[in-house]
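# Residue-level structural notes
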Amino acid sequence: MSQDLQPYADIIEQLKPLVNEPEFNKVLLQIAGDIPKEKRFLLKMEVKRLAKPCMRSIDLRGQVDGKCKSYLHDGRTHYMDEVAVDKFEEQIRIFGGYTFGVYEAVQHTENNFRIIREKEEARDKSTANTAAPKKGSTILEQFKVPTVNLLDYRQRNTERMNFAVAVELFNESNHSIKGLSVDVSLEGLQVKLTKETVFKQNELLQVYFRGLEGEFTMDKKNGIAYRLVKTIRKKDVVYLALQRATERPDATFDKFLESFIHGNKRRYKVNMNNTIEAITSKTCEQYFSPRSPTLPIYIDSVEDKLMPRFAMVNEVNRETVSYWQDEEDECRLGFLLSQKRLNMLHGMPAHRREMFVFSFTHLQNDKVFFYSASYEQLIEKEGLKQIFLGFGSKKVSWRVFKLTLTDMLPEQAHTPLSIPDSVGTKIKRQNTPPSPRLMSKLKNLRYLVHVTDVTSIYGQQAYTDFKFNRDHLAHLRVFGHPRNQKTVNIDLFRFKYEEQRLESRYRLRSQIELRLPHDDSVHTGVSEDISVHGLGLRIELSKEYDGELEGQVEVSFPRLQQITQSFDVMHLQYDIIYHNAEKNILHLKAMTGDAGKSARAFFEELIKKNKHSLEEDSGEEELPGMGQALRCINARNATSLSFLMNKEGVRYTPQAGIIGKQDERVSRLVTYLTEKRQVNLEFLFRDRKLDTPFMQSGIKQVKLENMPLRQELLISFDAKQKDPRMAIIPRYSHRFENNAQRKTFIKEALNRGQFIAIHIMLTTTGKPDLSMLQTEINYVSVYAIHRAKELENKLWSLAACSHLIDVTDEVLMRYEFDDETISANHDPTTKQVEAPQSGIQALL
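Let me sum up the structure you'll find in this document. Owing to the predicted nature of the structure, the values given are computational and were not obtained by experimental measurement.

The next point concerns unusual backbone geometry. The phi dihedral of N365 is positive, around 55°, even though this residue is not glycine. Positionally, N365 belongs in the loop between β13 (354-364) and β14 (367-374). The phi torsion at E816 lies on the positive side, around 60°, for a residue other than glycine. Relative to the helices and strands, E816 is located in the loop between α27 (808-814) and α28 (819-824).

As summarised here, the arrangement of the six strands in space is β25-β24-β30-β29-β27-β28, forming an open sheet in which the pairing is antiparallel. Strands with a single pairing partner mark the edges of an open sheet, and in this sheet they are β25 (651-658) and β28 (728-732). Averaged over all neighbouring strand pairs, the angle between strand axes comes to 30°, with direction disregarded. Relative to β28, strand β27 (residues 709-717) runs antiparallel, the two being bridged by five bridges. Bridging from a neighbouring strand, L713 pairs with Y732 of β28. Where helix α22 (residues 694-705) meets the sheet, its contacts fall on β24 (641-648), β25, β27, β28, β29 (754-764) and β30 (798-806), and the angle it forms with β29 comes to roughly 35°.

This part covers the side chain of Q325. Inspection of the secondary structure assignment puts Q325 in the loop between α10 (318-323) and α11 (333-336). Looking at Q325, the relative accessible area reads 16%, which means it is buried. Residues in contact with Q325, not counting those within four places in the same chain, are E330, C331, F370, R507 and R509.

Once that is clear, we can look at the sheet that holds strand β23 (residues 585-590). On the basis of which strands lie adjacent, the closed barrel formed by six strands has the order β18-β19-β20-β23-β22-β21 and antiparallel pairing. Pairwise comparison of adjacent strand axes, ignoring direction, gives a mean angle of 45° for this sheet. As judged from the nine bridges shared by strand β18 (residues 506-516) and strand β19 (residues 519-530), these two strands associate in the antiparallel manner. Within β19, the residue paired with L514 across the bridge is H523.

This part is about the environment of R154. Mapping R154 onto the fold places it in the loop between β3 (144-146) and β4 (161-162). The partly exposed category is assigned to R154, whose relative accessible area is 41%. Sequence separation between R154 and K39 is 115 residues, and the spatial gap between their C-alpha atoms is 41 Å. Each residue touching R154, except ones within four places of it in the same chain, is listed here: N273, N274, E277 and S418. Within the structure, R154 has its side chain in polar contact with the side chain of E277 (distance 3.5 Å).

Judged by how many residues are buried, strand β15 (residues 399-407) sits mostly within the fold: eight of nine residues are covered. Judged from the six bridges that link them, β13 and β15 form a sheet pairing that is antiparallel. Paired with M355 across the strands is L403, a residue of β15. As judged from the seven bridges shared by β15 and strand β16 (residues 445-453), these two strands associate in the antiparallel manner.

Our focus in this paragraph is the packing of helix α9 (residues 273-288) against helix α26 (residues 785-797). Relative orientation of the contacting elements α9 and α26 amounts to 15°, with a least axis distance of 10 Å. Between α9 and α26, the interaxial angle falls into the category roughly parallel. Regarding α9 and α26, the two cross each other, and that crossing is right-handed. Taking contact as the criterion, the partners of I276, I279, T280, T283 and Y287 in α9 are, on α26, R787, L791, L795 and W796.

To continue, consider the nonpolar core. If you look at the biggest cluster of nonpolar residues, it comprises 36 residues, and the most contacted ones within it are F358, F388, L389, I746, F755 and V811. Of all the secondary-structure elements, those providing two or more residues to this core are β13, α13 (375-378), α14 (384-392), α17 (457-463), α24 (739-752), β29 and α27. Among the elements that make up this core, the one with the highest residue count is α14 (five residues). The residues contacting V811, other than those within four sequence positions of it, are E712, L714, I746, F755 and A757. Among the nonpolar cores identified, the runner-up in size contains 34 residues, and I31, C54, M80 and I94 belong to it.

Moving on: the packing of α9 against helix α25 (residues 774-783). Packing of α9 against α25 leaves a shortest axis separation of 10 Å and a crossing angle of 145°. Between α9 and α25 lies a crossing of left-handed hand. On α25, the residues touching T275, I276, A278, I279 and K282 of α9 are E776, I777, Y779 and V780. Grouping the constituent residues of the contact of α9 with α25 by class yields six nonpolar, one polar and two charged.

What the rule picks out here adds up to 45 salt bridges. A salt bridge links R244 to D254; the nearest nitrogen and oxygen atoms lie 2.6 Å apart. Of this pair, R244 sits in strand β10 (residues 237-244) while D254 sits in helix α8 (residues 251-268), and the two are 10 residues apart along the sequence. When the shortest N-O distance is used, the salt bridge between R399 and D529 registers 3.7 Å. Residue R399 is located in strand β15, and its partner D529 is located in strand β19; the two are separated by 130 residues in the primary sequence. When its relative accessible area of 5% is taken as the criterion, D529 is described as buried. Counted as one network, the salt bridges with shared partners bring together R399, D453, R509, E528, D529 and R538.

As a further point, take the side chain of S640. If you trace the backbone, S640 turns up in the loop between α20 (626-635) and β24. What S640 contacts, discounting residues up to four positions off in sequence, is I658, I659, G660, D663, L804 and I805.

Reading guide: rules and limits
Residues numbered from 1 in each chain as written. Predicted model: local features only at pLDDT ≥ 70, side-chain atom pairs only at ≥ 80, totals over all residues. Heavy atoms only, no water. Helix = DSSP H or I, 4+ residues; strand = E, 2+ residues; numbered from the N terminus. Pairing = 2+ DSSP bridges. Axes fitted to C-alpha atoms, helices over the stretch in contact; angles between N-to-C directions. Contact = heavy atoms within 4.5 Å. Buried < 20%, exposed > 50% of the residue type's maximum accessible area, 1.4 Å probe, protein only. Polar contact = N/O pair within 3.5 Å; in protein donor to acceptor, adjacent residues only side chain to side chain. Parallel < 35°, antiparallel > 145°, perpendicular 65-115°, else oblique. Left-handed = near helix turned anticlockwise from the far one by under 90°. Core = buried A, V, L, I, M, F, W, Y, C linked by side-chain atoms within 4.5 Å. Nonpolar A, V, L, I, M, F, W, Y, C, P; charged D, E, K, R; others polar. Salt bridge = Lys/Arg side-chain N within 4 Å of Asp/Glu carboxyl O.

Note that all results are geometric; they support no functional claim without further evidence.
In structure tokens:
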């Protein structure tokens, strides 16, 4: 692009997707109408040039800060790094093929050494006193993003047209104000005033359309009756939202207005703010729901009895379902959601209905026995907590689940379009509520229980330090779930899987034998699960091992060998990548090369069969629309914070935040000193200057391994500070050397103000289901095709999602803080503790 056109780069970007559209010249005139005709002609020629087919090959080897690989496209080989490939594919979608625009965009990525050098030279030229503040300000501002309420948007009964005309408003006391209309519909009107209004909400007003008196003969004595619904103030301007007063109809004006809007809506444009809001909301839902770590379970309330009925399974939370399946694949989630626990949750304060449940399994004679206990159960009797947590945490099947109960309504299953029925029969059909038959299945649903696996390797290590007398292990029987106990049947519904799928761990509970190269003895145990492509294996030995655990081991599966003749599973070679302090829990990885070939081949085949059964389970629904109805209910009742990120150059930056309904502590943290409907996520990226910042390196790891990544963040929060960077002191758990350091940090945080712990899960995004968005995108394109293209490009630019779960109470429990401290930490304003000079002060 020439230097002359550089100031118009944004306009060129808007025009690129439309270059081959019939409306190109019209849109050019709309968005560049105030640019001189000669310059506008040059812009048009530049966009046309960028759209011409390109025959050049791209070779970025040695030119970018990244590893280049061969990339085949339409028979032509290019050499590009990951950043360039992303840019290449993005531009291919924009231009519809390989053009000069694609070629040039790939040469200008942010990690290109030439671009980096040019930016450094430009920075050196700028004066230090102007450049430094701007840079710091820009860096911090990028972490402040708008909040989105999933599937919560306005639906209009009639189309609203942007239309500015002089109006005069009178109230019943004959006080008048002159203003200008902003938009108008058959049912309402929005008026802009330049001075403060004297009108009150719900007041009846007479509106005189002074600017329409030439088009329509108005009644000079009586205006059109409207009622004031809402007053909005933005800086020096006041907006009045008015609704037609149905008790004072005017059929003649209605007929004129309907005709006027129909004849002029393409000229003045339909107001599509609510439709754009709906597309944004649905886009976020598309990336949130299919990869949320939380398993939503829908609860019936009949005669004051709470009964789990349905669960919504996605690519990530299916691990929770798998964990609670026995050896015959029967779902035992009913053990986790017992009537006693549901009643306990229901009886808690509405804003804090949550509990943590600890569990492990025991395999005996190939049969799975489940044990689980909530924290409330463990403190009922002296000593139970030490025994259960101390013993259970030494099991490979150890898990910690957070249960959150929230209210819901069956009516939330209906998600109409943002477009009025009057636009067309297709729209009207899509706005039809769910069938009576479907609603009859939902009619008794009153609550959602969100089940989230928040197990932490650091937590498991801490619980293993709990001392207990092994002679008292018999006390654990009370927490065992009898195998003959009938559990409630929970119907599972699955999200529609798209092309890109995350891998997960697959449950594999079977007897194993382990041999070490320097030890002739055989160690028995059980396997828990396998991971992607059969590379990973987690096992638990029957007894703690007191020797050295390093290097290579041989694992045998006697039971599995009995059912397969095609593979030798008695001599599988693995490397040890982790073991706990007691050396009874091992994480193994199949050896590379020929040594690990047998393990990889067998488990890849086993996983393929597992996937096949999953796909068979997710077939046609018995009652069409049921899965979509449950999905909509869940999206409208998120209980924890999530946020979406896109990729800008080599960095991932947040774009939108999804606030949870019962996430008071985290919500207060992210909205601290922010504007309304905004969150500040800077503290999650505070380690961005370190060698391996968690968010940036974590997403790369997720992309590489195709599996979600979990981490824990400990936070010291002092709401008395007026600078968010001083108020919020974060530290990722893996940056502490040991549990003693973590406990010291927590003590200092409690003294300073409030301690908060967050369980963070990172995932990449899958391919969105455009069927949920296409109708509204098409509607926007009728009146503003460039706006529709922008929305679609934004949809495809989202690359990662992060889910934040508040685990503060569980972390305090694990480090043995008393109940009084845990309770006081919910509302730190009640504490009057003078903070000592501490390690946190040093961090400040």
